[in-house]
Amino acid sequence: MTKSALVTGATGQDGSFLMELLLKKGYEVHGLVRRLSIPNIGNIQHLVDHVTLLDGDLIDQSSLNAAVKESGPDEVYNLAAQSFVGTSFVQPVLTGEITGLGAVRVLEAIRAYAPDARVYQASSSEMFGKVDREPQDESTPFHPRSPYGVAKVYAYWACVNYREAHGLFVSNGILFNHESERRGLEFLTRKVSNGVAKIHHGLAKTISLGNLDARRDWGYAPEFVDLMWRILQHKQPDDFVGATGEAHSVREFVEEAFRVAGISDWETHVKIDERHFRPSEIYNLRGDARKAKRILGWQPKTKFKDLAKIMVEADIESLNESRKPR
Ligand code: NAP
Ligand code: GDD
C-alpha cells in the first residue's frame, strides 16, 4: 500500500531534498507551507505538481490538526523551524514559539489525529553547544549557546516525553551542519559560495564575515535526508547523531571556496565585521555517527572539499544563467 508522508518545512533546504527522496520511494507526499505575501517555493518549484501542499503554520494548532487529518500520514517529518542561529538572538521569543513549542504542537496534532504515525524531529548539534568532549555522540550532554539551541533542546525532550508518556513513535535525528546549493543565503557556506561566485563574475569585491576560527562538521544535505528516512524505518523509535566525523574551520571553507573559483588572494576579498559575531559562539562541533552506521547502515560520502566545489560551481553557474540575455 502507498505510504503517506507529511513534511513540515517543505520549502526549506532539507524539506525539498526529503520530498524528492520520498517521491522516488513511491510515497504520497504532503508538504506543509506557511502563507507568505509572496510564495517562497524556489526550492520546490520542480516538485509542486507531484506533491500536495497544505497551508499551515507551526504557530497555529488548528492548521496543524487539519494538515495531519488531511494527509493521514504514516510518517511525519518535522523540519519546520526558525533555523538561523544569528536571528534567534534577535528574535528569541519567536524562535521559541516556532522551533520549540511548534514541535509540541505537531506532536499534539499527531497524538489526536494520527497516533500510529512515525515522527521524525529535526534535532540539532547546536544542542551540544559548549562541548566538554570531542567528538559528540548521542550520550554527550547538552549545553546550548543560543536561543535556537535552547528551543531545540526543549523540542528534543518533548519528543522523548511523548514517546515515554503517550507511546508515540517519535525519533530525533541530531544532525550536524549539512549544506547544499539550496542552502539559505545567510548561512555561512552559502553566503561564501554565493559571495565567491559574485566576485568571480565581477559583481562584488568582498564578503563580510564574522568569526573565521569556529569549526563545524559540514556534510552534504541530500545524504542527511536519507538518514532521516532510515531513522523512521528502524523497528523502534530512537535518537541518532548524523555527522561526517570531520571538522573544519570557517577560514578553511573560505579558502577552499576561493580556490575552487581560481582566486588565490582570498584575504583581500574578506572583511571582518563585528555584526556577524555571535553573543555566545560554539567554537567546535564534530560528530560521531557510529550508531547510525552500525544500526541503520548510514554513512555520508561527500567530503569537505567536494562540498565546497558543489556549492561554488552551482552558484557560479546560476549567476551565469541569470546574466544571459533573454
Ligand atoms: P531551512 O532551510 O531554514 O527551512 C526551514 C523551513 O521551516 C522552511 O520551509 C520555512 O518556511 C519553515 N518554517 C519556518 N517557520 C515556520 C512556521 N512558523 N510554520 C511553518 N513552517 C515554518 O532549514 P533546513 O536547513 O532545511 O533545516 C531543516 C530542519 O533541520 C530545521 O528544523 C533545522 O533547524 C534543522 N537542522 C538543520 C541543520 C542543517 O545544518 N541544515 C542541522 C541540524 C538541524 P519558509 O520557507 O516559509 O521560511
Ligand atoms: N551565518 C554566518 N555568517 N556564520 C558565520 C559568519 C557569517 O558571516 N562568519 C562566521 N560565521 C560562523 C558562525 O559564527 C558559526 O560559527 C559558523 O560560521 C556556522 O554558522 P551558520 O552557517 O550560520 O550555521 P550554524 O552552525 O550556526 O547553524 C547551522 O547548523 C546547525 C547544526 O549545528 C544551522 O543550520 C542550524 O539550523 C543547525 O541546527
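Treat the numbers as computed from the prediction; the structure is a model and nothing was measured. The residue numbering used here restarts from 1 in each chain and proceeds along that chain's sequence as written. Chain labels run from A onward and ligand labels from 1 onward, assigned in the order the entries are written. Given that the model is predicted, a residue must reach a pLDDT of at least 70 before its local features are reported, and side-chain atom pairs must reach 80 or more before they are shown or counted; all residues, however, enter totals for whole chains, interfaces and linings. Side-chain descriptors were evaluated using all non-hydrogen atoms of the structure, hydrogens and water having been removed beforehand.

*Asks:* Requested: an account of the site of ligand 2, with residues and values cited.
*Replies:* Note on definitions. A residue lies near a molecule or strand when any single heavy atom of the residue is within 4 Å of it. Surveying the vicinity of ligand 2 reveals 24 residues, the closest of which are Ser124, Ser125, Tyr148, Arg278 and Glu281. What qualifies as a polar contact is a pair of N or O atoms within 3.5 Å, subject to a donor-acceptor requirement within protein and to the restriction that residues adjacent in sequence count only when both atoms come from side chains. A distance of 2.8 Å separates a nitrogen atom of ligand 2 from a polar backbone atom of Gly210. A distance of 2.5 Å separates an oxygen atom of ligand 2 from a polar atom in the side chain of Arg278. With the chains in place, 96% of the 720 Å² that ligand 2 exposes on its own is no longer accessible. Comment: elements are numbered from the N terminus, with helices defined as DSSP H or I runs of at least four residues and strands as E runs of at least two. Of all the secondary structure elements, the ones that give two or more residues to the shell around ligand 2 are helix 6 (188–200) and strand 8 (207–209). Think of it as three bins: nonpolar holds Ala, Val, Leu, Ile, Met, Phe, Trp, Tyr, Cys and Pro, charged holds Asp, Glu, Lys and Arg, and polar takes everything else, Gly as well. The residue inventory of the shell around ligand 2, partitioned by class, reads 9 nonpolar, 8 polar and 7 charged. Residue burial considers only the protein chains on display, and all accessible areas are found by Shrake-Rupley using a 1.4 Å probe.

*Asks:* How would you sum up helix 5 (residues 147–166)? Please name residues and give values.
*Replies:* Multiplying 1.5 Å by the helix residue count minus one yields the expected span of that helix. With 20 residues, helix 5 extends 28 Å between its outermost C-alpha atoms, agreeing within 8% with the 28 Å of an ideal straight helix rising 1.5 Å per residue. Of the residues making up helix 5, those classed as buried are Tyr148, Gly149, Ala151, Lys152, Val153, Ala155, Tyr156, Ala158, Cys159, Val160, Tyr162 and Arg163. Residues of helix 5 that are buried sit in contact with helix 3 (85–90), helix 4 (92–113), strand 5 (118–124), strand 6 (169–175) and strand 11 (239–242). Trailing helix 5 by a residue or two, Gly167 shows a phi angle of about 70°, which is positive. Relative accessible area decides the class of each residue, using a 1.4 Å probe on protein chains only: under 20% of the type maximum gives buried, over 50% gives exposed, and in between gives partly exposed. In what follows, a contact means two residues having at least one pair of non-hydrogen atoms within 4.5 Å.

*Asks:* Please provide a residue-by-residue account of the nonpolar core, values included.
*Replies:* One finds Leu18, Met19, Leu22, Tyr77, Leu79, Tyr120 and Met228 to be the most contacted residues of the largest nonpolar core, which totals 44 residues. The element contributing the most residues to this core is helix 7 (residues 221–233), with 8 residues. Ala197, Ala214, Tyr220 and Met311 belong to the second-largest nonpolar core, a separate cluster that totals 26 residues. Residues belong to one nonpolar core when they are buried, are Ala, Val, Leu, Ile, Met, Phe, Trp, Tyr or Cys, and are joined through side-chain atoms within 4.5 Å.

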